[in-house]
Amino acid sequence: MLTELTYESTARKLATDQGVLRYHEAGEGPPLLLLHGSGPGVTGWRNFRGNLAVLAERFRCLILEFPGFGVSDSTGEHPMVGAQAAVIRFLDGLGLQQVDVIGNSMGGIVGAQVAMAHPDRVRRLVTIGGVGRNLFSPGPGEGIKLLMDFTEEPTRERLVQWLDSMVYDRSLVTEELIEERWALATEPATLAGARRMYGKAAFAAGAAAAAASDAPPYWAMLHKIKAKTLITWGRDDRVSPVDMAILPMRSIPDVEVHIFPDCGHWVMIEQKAAWESVVLAFLTRKDER
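As the structure is a prediction and not an experimental result, all values here were calculated from the model.

Visitor: Can you walk me through the layout of surface pockets in this structure?
Guide: Empty space among the atoms can be located by rolling a probe the size of a water molecule over them. Of the pockets and cavities examined, the largest pocket occupies roughly 1500 Å³. In this structure, the largest pocket is lined by 42 residues; those nearest its centre are I109, G132, F203, Y218 and W219. Where the lining of the largest pocket is concerned, the elements lending two or more residues are α3 (79-94), α4 (106-117), α5 (142-152), α8 (188-198) and α9 (200-212). With five residues, α9 is the single largest residue contributor to the lining of the largest pocket.

This is the structure we're talking about:
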């Protein structure tokens, strides 16, 4: 097993016409793009570092850091708005025509958007929570509301409350994790990016714009995805409740769903071994037709 995969040994950067995209690379084989979620102090490395050694045994893993989260250069756009273009810029910059994609939460939405807009670029898609819309549970979910509270008034206590909402097993919220997240989340540029996404005024403005728009929301277009898709979800997710999976499960043509017990929003962390097993089986399965 690959064990010597440190932040420094895997860190890379790619110069583009809209600034530097930073990423982590490990392993050899078919290219696998990993896209992180949102939230205070998030990075792709923090989302996927625990899975990298296992995935890199079979794939050339590329963990992209989205602009607007304090690692890659910001483009000044709303982080969600600029993410899809950043993925295409990244793939073009590395000369990659087609990849498999794993996306956590926001990263899953971005992966789905790329798969819809550029069907030839995504062979298989794996999502971790987040994709779809609330059908029975209230929205936004508890974790999103706590995220908004932190963004409005970033205190350590509110960060801990939000981190607690991300997991089923609260022992995963260690002092090391809290301090790591706090340092980046309170960095001025990172906090400004978070407020563009999760500030209460920005959230309300986005909802109003969506309500007034004639363009369909992304979840209404999931039937356009051509890639074989695996939806993974934590049964006890308090950020994006599991009923959100119903719409994509019905809409995406070639899709399967795996729901993990005793698991919150961070499936790849809380159910690490089980999630890795399911994902590797899906990504390495021979096409049956």
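That shown, we press on.
Visitor: When you look at the pairing of strand β6 (residues 122-128) in this model, what are you seeing that I'm missing?
Guide: On a regular strand, each side chain points to the face opposite its neighbour's, so the side chains alternate between the two faces of the sheet. Most of β6 is tucked away, with six of its seven residues classed as buried. Where strand β5 (residues 99-104) lies against β6, five bridges are found, and the strand directions are parallel. Paired with N104 across the bridge in β6 is I128. The parallel pair β5 and β6, bridged by α4, forms a crossover whose chirality is right-handed.

Visitor: Would you explain α3 in this entry?
Guide: Structural remark: α-helix, 3.6 residues per turn; residues separated by three or four positions point the same way. The end-to-end C-alpha separation of α3 is 22 Å, in line with the 22 Å expected for 16 residues at 1.5 Å each. The largest bend along α3 reaches roughly 25° and is located at A85. For α3, the full list of buried residues reads P79, M80, G82, A83, A86, V87, I88, R89, F90 and L91. Following α3 by one or two positions, G95 has its phi on the positive side, about 70°.

Visitor: I would appreciate a short explanation of the nonpolar core in the present structure.
Guide: A general feature of soluble globular proteins is that nonpolar side chains tend to end up buried together. Counting 84 residues, the largest nonpolar core has L33 and I102 as its most contacted members. Excluding residues within four positions of it along the chain, I102 makes contact with L32, L33, L34, L35, F48, L55, V126, I128, W275, V279 and L283.

Visitor: Can you walk me through the environment of W162 in this structure?
Guide: As for its placement among the helices and strands, W162 is situated in helix α6 (residues 156-165). Given the relative accessible area of 2%, W162 is considered buried. In the structure, W162 is positioned 20 residues away from E142 in sequence and 8.9 Å away in space, judged by C-alpha atoms. In this view, W162 contacts S38, G39, P40, G143, L146, L147, R181 and W266; residues no more than four positions away in its chain are not counted.

Visitor: Could you clarify how one ought to interpret the side chain of T232 in this entry?
Guide: Residue position: T232 is located in strand β7 (residues 228-234). The class for T232 is buried, based on a relative accessible area of 0%. A distance of 3.3 Å separates the side chain of T232 from the side chain of W275, its partner in a polar contact. Excluding residues within four positions of it along the chain, T232 makes contact with V126, T127, I128, G129, H258, F260 and W275.

Visitor: Explain the sheet that holds strand β1 (residues 11-16) here, please?
Guide: Paired through their backbone hydrogen bonds, the strands of a sheet run either parallel or antiparallel. Ordered in space as β1-β2-β4-β3-β5-β6-β7-β8, the eight strands form an open sheet in which the pairing is mixed. Edge positions in the open sheet fall to β1 and β8 (255-260), since each of these has one partner strand only. Averaged over all pairs of adjacent strands, the angle between strand axes in this sheet comes to 20°, irrespective of strand direction. Pairing between β6 and β7: five bridges, direction parallel.

Visitor: Just to check I follow, could you spell out the pairing of β7 for this structure?
Guide: Counted residue by residue, β7 has seven buried out of seven residues, so it is predominantly covered. Neither face of β7 is open: one carries K228, L230, T232 and G234, the other T229, I231 and W233, and all of them are buried. Here six bridges tie β7 to β8, and the two strands are oriented parallel to one another. When the sheet's bridge partners are listed, I231 is paired in β8 with V257. Regarding topology, helix α10 (residues 246-251) serves as the crossover connection from β7 to the parallel β8, and that connection is right-handed.

Rules and cut-offs
Residues numbered from 1 in each chain as written. Predicted model: local features only at pLDDT ≥ 70, side-chain atom pairs only at ≥ 80, totals over all residues. Heavy atoms only, no water. 1 Å grid on protein atoms, 1.4 Å probe; cavity = no way out; pocket = protein on both sides within 12 Å on 5 of 7 lines; lining within 4 Å. Points joined across faces, edges and corners; volume = space filled by probe spheres on them. Helix = DSSP H or I, 4+ residues; strand = E, 2+ residues; numbered from the N terminus. Buried < 20%, exposed > 50% of the residue type's maximum accessible area, 1.4 Å probe, protein only. Pairing = 2+ DSSP bridges. Right-handed = clockwise from strand over helix to strand, strands pointing away. Expected span 1.5 Å × (residues − 1). Bend = angle between axes of the 7 residues up to and from the residue. Core = buried A, V, L, I, M, F, W, Y, C linked by side-chain atoms within 4.5 Å. Contact = heavy atoms within 4.5 Å. Polar contact = N/O pair within 3.5 Å; in protein donor to acceptor, adjacent residues only side chain to side chain. Axes fitted to C-alpha atoms, helices over the stretch in contact; angles between N-to-C directions.

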